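An overview of the molecular structure
Listed below, chain by chain, are the residues.
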Amino acid sequence: MAALGWLTPRRRSATARSVLAGEASAEAARKSTQEHPELAGAAREPEFPVLGDDRAAAFFDLDNTVMQGAALFHFGRGLYKRKFFETRELARFAWQQAWFRLAGVEDPEHMQEARDSALSIVKGHRVAELETIGEEIYDEYMADRIWPGTRALAQAHLDAGQKVWLVTAAPVEIAQVIARRLGLTGALGTVAESVDGVYTGRLVGEPLHGPAKAEAVRALAAAEGLDLSRCAAYSDSHNDIPMLSLVGHPYAINPDTKLRRHARDKDWRLRDYRTGRKAAKVGIPAAAGVGAVAGGTAAAIALSRRRR
């Protein structure tokens, strides 16, 4: 009994010290999260994307989300280089691209004008020809304009075993080239009508824009057996709010002003990979970018005149 009595105080003392250590550790953790609230949020946030969740997928807008600028305008520059149209049309394409980069948003009138221009240019050409040229144009004008941050997000979904799709108003042939070169699953895009492999200069239906994107995602999810509440969508434009609202994990990437405001109201996640002093506010790229477009246009026109 004496031995037992000799042991009891030490056992109680050890317990007291354990309690004290635990309380001290808890207090230190509490103070840490108060001083660094981002740590508390990181601790609570579940891992995403979820590894092995094959009923989840990711849907990425293209223009200004995955790639800086508009794919259709870069495509136009490549077609001009191959003499598909005259200097006058190049100047129009350059102006549209400069406006797009300055505004940081998609204006329906400008986008419609660009689409009409592209359709008239490709009319009478073979689909296979444009697909081959698209591969070359990607290397010339698009590869260096892919946002590394957005590319990493897409890769995270791929690494988790999920499918990743581009969803864009750009022609589906261009979108498929970009998706393939980035190692993505595929692309949803605007379909230009063709007969016997030759473009007619008309669209099938309407451009894949705004609500049409949401409908395309909904249809693809049904066909693929996806659970949209487990899927993610990424876009820079308020025009894509219908698509973003469709999924359980919406992201605003390089958002325009309206989307940034909506995302904050809805507590959606925000990512901004742009540079320039106004990027955090409205996403206007550095002025040097616009200067590069204007300079490139001037150089192209000068070269054209010199060759004549």
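If you're wondering where the values come from, they're calculated on a predicted model, not measured in any experiment.

Definitions and limits used
Residues numbered from 1 in each chain as written. Predicted model: local features only at pLDDT ≥ 70, side-chain atom pairs only at ≥ 80, totals over all residues. Heavy atoms only, no water. Helix = DSSP H or I, 4+ residues; strand = E, 2+ residues; numbered from the N terminus. Buried < 20%, exposed > 50% of the residue type's maximum accessible area, 1.4 Å probe, protein only. Contact = heavy atoms within 4.5 Å. Areas by Shrake-Rupley, 256 points an atom, 1.4 Å probe, with all protein chains shown as cover. pLDDT = per-residue confidence, 0-100. Phe/Tyr/Trp six-rings, centres within 6.5 Å; stacked < 30°, edge-to-face > 60°. Axes fitted to C-alpha atoms, helices over the stretch in contact; angles between N-to-C directions. Parallel < 35°, antiparallel > 145°, perpendicular 65-115°, else oblique. Nonpolar A, V, L, I, M, F, W, Y, C, P; charged D, E, K, R; others polar. Pairing = 2+ DSSP bridges. Core = buried A, V, L, I, M, F, W, Y, C linked by side-chain atoms within 4.5 Å.

Thoughts on the overall build of the protein chain
Each helix and strand in the protein chain was counted, giving 13 helices and eight strands. Taken across its 308 residues, the protein chain has 45% of its residues classed as buried. A separation threshold of at least 6 residues defines the contact pool for the protein chain, and within that pool the share at least 24 residues apart is 62%. For the protein chain, the accessible surface area stands at approximately 16000 Å², while carbon and sulfur atoms represent 55% of it.

Some words on the environment of glutamate 129
In this fold, glutamate 129 is placed in helix α6 (residues 127-142). When the C-alpha atoms of glutamate 129 and valine 198 are compared, they prove to be 9.5 Å apart, with 69 residues separating the residues in sequence.

Describing the confidence of the model for the protein chain
Detailed reading of the predicted model is not advised wherever pLDDT is low. Here the protein chain averages 76 in pLDDT, and 64% of its residues register 70 or above. For the stretch residues 37-43, pLDDT sits under 50, and the model shows two contacts to residues farther than four places along the chain or on other chains. Scored below 50 in pLDDT, residues 277-308 makes 40 contacts in the model with residues more than four places away or belonging to other chains.

A short note on the packing of aromatic side chains
A full pass over the atoms with the stated rule returns three aromatic pairs. Taking the centre distance of 6.4 Å and the plane angle of 20 degrees together, the rings of phenylalanine 48 and tyrosine 251 count as stacked. One end of the pair, phenylalanine 48, is in the loop between α2 (37-44) and β1 (57-60); the other, tyrosine 251, is in strand β7 (residues 249-253), and 203 residues separate them in sequence. Where phenylalanine 60 meets tyrosine 234, the ring centres are 4.1 Å apart and the plane angle is 5 degrees; that geometry is what we call stacked.

A short note on the packing of helix α3 (residues 71-81) against α6
Contact geometry for α3 and α6: axes closest at 9 Å, N-to-C directions at 105 degrees. On the basis of their axis angle, the class for α3 and α6 is roughly perpendicular. On α6, the residues that touch Ala71, His74, Phe75, Arg77, Gly78, Leu79 and Lys81 of α3 are Leu130, Ile133, Gly134, Ile137, Glu140, Tyr141 and Met142. Residues that form the contact of α3 with α6 fall into these classes: eight nonpolar, three polar and three charged.

Considerations on the side chain of threonine 190
Along the chain, threonine 190 falls in strand β3 (residues 186-190). Once you skip the residues sitting within four places of it in the chain, threonine 190 turns out to touch Thr168, Ala169, Ala170, Pro171, Val172, Leu203, Glu206, Pro207 and Leu208.

Examining the environment of tyrosine 234
The topology assignment puts tyrosine 234 in strand β6 (residues 232-235). Sequence separation between tyrosine 234 and leucine 166 is 68 residues; the distance between their C-alpha atoms is 9.6 Å. Excluding anything up to four places from it in sequence, tyrosine 234 contacts Phe48, Ala58, Phe59, Phe60, Asp61, Thr65, Leu153, His157, Met243, Leu244, Tyr251 and Ile253.

What to know about the sheet that holds β1
Sheet architecture is open: six strands sit in the order β3-β2-β1-β6-β7-β8, paired in parallel fashion. Single-partner strands in this sheet number two, and they are β3 and β8 (269-271). Going from strand to strand, the sheet's axes swing by 20 degrees on average, the running direction of each strand aside. Looking at chain direction, β1 and β6 are connected through three bridges and run parallel. Bridge pairing in β6 places alanine 58 opposite alanine 232. The strands touched by helix α11 (residues 257-266) within the sheet are β6, β7 and β8, with β8 carrying the most contacts at an inclination of about 145 degrees.

Considering unusual backbone geometry
You will see that asparagine 254, though not glycine, has its phi angle at about 50 degrees, which is positive. With respect to the secondary-structure elements, asparagine 254 resides in the loop between β7 and α11.

Description of the nonpolar core
Formed by 41 residues in total, the largest nonpolar core has its most connected members in Phe60, Leu79, Met142, Leu166 and Ile178. For this core, the leading source of residues is α6, giving seven residues. Every residue in contact with isoleucine 178, bar those within four places of it in the chain, is listed here: Leu62, Ala71, Tyr138, Met142 and Leu166.

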